[in-house]
Amino acid sequence: MKVWLLLGLLLVHEALEDVTGQQPPKNKRPKEPGENRIKPTNKKVKPRIPKIKDRDAADGTPKTQSIMIQMLDKGRFQKPAATLSLTAGQTLELRCKGNKIGWSYPPYLDTFKDSRLSVRQHERYGQLTLVNSTAADTGEFSCWGQLCQGYVCRKDETKTGSTYIFFTEKGELFVPSPSYFDVVYLNPDRQAVVPCRVTVPSARVTLHREFPAKEIPANGTDIVYDMKRGFVYLQPHSDHQGVVYCKAEAGGKSQISVKYQLLYVEVPRGPPSTTILASSNKVRSGDDISVLCTVLGEPDVEVEFRWIYPGQKDERPVTIQDTWRLIHRGLGHTTRISQSILTVEDVATTDVGYYICTARNLQGETTVATAVEFS
């Protein structure tokens, strides 16, 4: 009896020990596998915003770095704003960081190979200097780094700089034009610009038709004004043609621009539309022949001609004359007719064969041919 009592007490003791060792602490529950063991809190955490460098890396777009600075007096310098206004006569000095720098500046300075402008490349930066500035120098100045392999270089799009500079000059509200009358061609498939650019950013500029005399509203839909370009015709059509001019007002003064002849163009942009015609395709020995190559195209698109003819290998003397003129084809439509005439005098056997004309413009080239033979 005592033995069974002792065994029963031992079993109860062991059971109590097992329960005590497995029971979780008060107010706690056993954690599930993989459960986060950090205590949850009600503390608010701000979302992490990736740094600029991280964002650039994420979207794959390289970060653009401005490399241009403007040199001021007494060794001071600053990063130029998108637009600057300087007084005519001031010296402009721009520097761009890099050992190989390309530059762009108003075409006016390039057209006349102006000695007032100098561009130099130093070991660590490029330098552009313009002295005795005038209102005509108003425009965009920009620079960029160049990536070169041997003699072949390309623009580094990540290292650039630019600023548009207004050079204000007494009595000049408009950027001066080299002529008193300019032609602007209106093409239905692209914008046209009447280049009434000003030298004073705050100037009020309006567009006017000469006849019938009236102001042409820049309504933002058909026509808009951009002080860096002028009046922009967004969708040109034949009703816009005529003679126009601009008027600028600033500081209680006003000025009229040069006049612009707007001509509507009917020929679409593309490679030359070329035809060829011989004065006669059948000749006799001793005759003279002329071969005419003609292109109808846009008024402002130049055309170059190149000839291949039978007597070329023998250095047969010929006369080639290139001409062009504008023709009006009704309803105000204007076309440029470009022609090249090849003339051969005293035809001989070596002059018989194919006469080939190739006409080329910026959009491509077209080749045509005609045969000349003895009758």
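Scroll up for the structure.
Below or above, wherever it landed, is the structure these notes cover. Because the structure is a prediction, the values reported are computed rather than measured.

On to the overall build of the protein chain. Within the protein chain, the secondary structure is distributed over three helices and 27 strands. Residue burial in the protein chain is summarised as follows: out of 375 residues, 34% are buried. When contacts within the protein chain are restricted to residue pairs at least 6 apart in sequence, long-range pairs at least 24 apart make up 67% of them. Within the structure as shown, the protein chain displays about 24,700 Å² of accessible surface, and the carbon and sulfur contribution to it stands at 54%.

Take the pairing of strand β26 (residues 353-361) next. Bridging between strand β23 (residues 304-308) and β26 involves five bridges; their strand directions are antiparallel. Within β26, the residue paired with Ile308 across the bridge is Ile356. Where β26 lies against strand β27 (residues 364-374), nine bridges are found, and the strand directions are antiparallel. When the sheet's bridge partners are listed, Tyr355 is paired in β27 with Thr370.

What follows concerns the environment of Gly98. Of note, Gly98 is situated in the loop between β5 (92-97) and β6 (101-104). Distance in space between the C-alpha atoms of Gly98 and Glu123 is 7.9 Å, their sequence separation being 25 residues. When residues no more than four places from it in sequence are discounted, the contact partners of Gly98 are Gln121, His122, Arg124, Tyr125 and Gly126.

Core analysis: the biggest nonpolar cluster contains 24 residues, and Val194, Phe231, Tyr233, Val244, Cys246, Tyr260 and Leu262 have the highest contact counts within it. If one sorts the elements of this core by residue count, strand β17 (residues 242-250) sits on top with four residues. Membership of the second largest hydrophobic core comes to 19 residues, among which are Ile289, Val291, Cys293 and Val295.

Reading the values: rules and limits
Residues numbered from 1 in each chain as written. Predicted model: local features only at pLDDT ≥ 70, side-chain atom pairs only at ≥ 80, totals over all residues. Heavy atoms only, no water. Helix = DSSP H or I, 4+ residues; strand = E, 2+ residues; numbered from the N terminus. Buried < 20%, exposed > 50% of the residue type's maximum accessible area, 1.4 Å probe, protein only. Contact = heavy atoms within 4.5 Å. Areas by Shrake-Rupley, 256 points an atom, 1.4 Å probe, with all protein chains shown as cover. Pairing = 2+ DSSP bridges. Core = buried A, V, L, I, M, F, W, Y, C linked by side-chain atoms within 4.5 Å.

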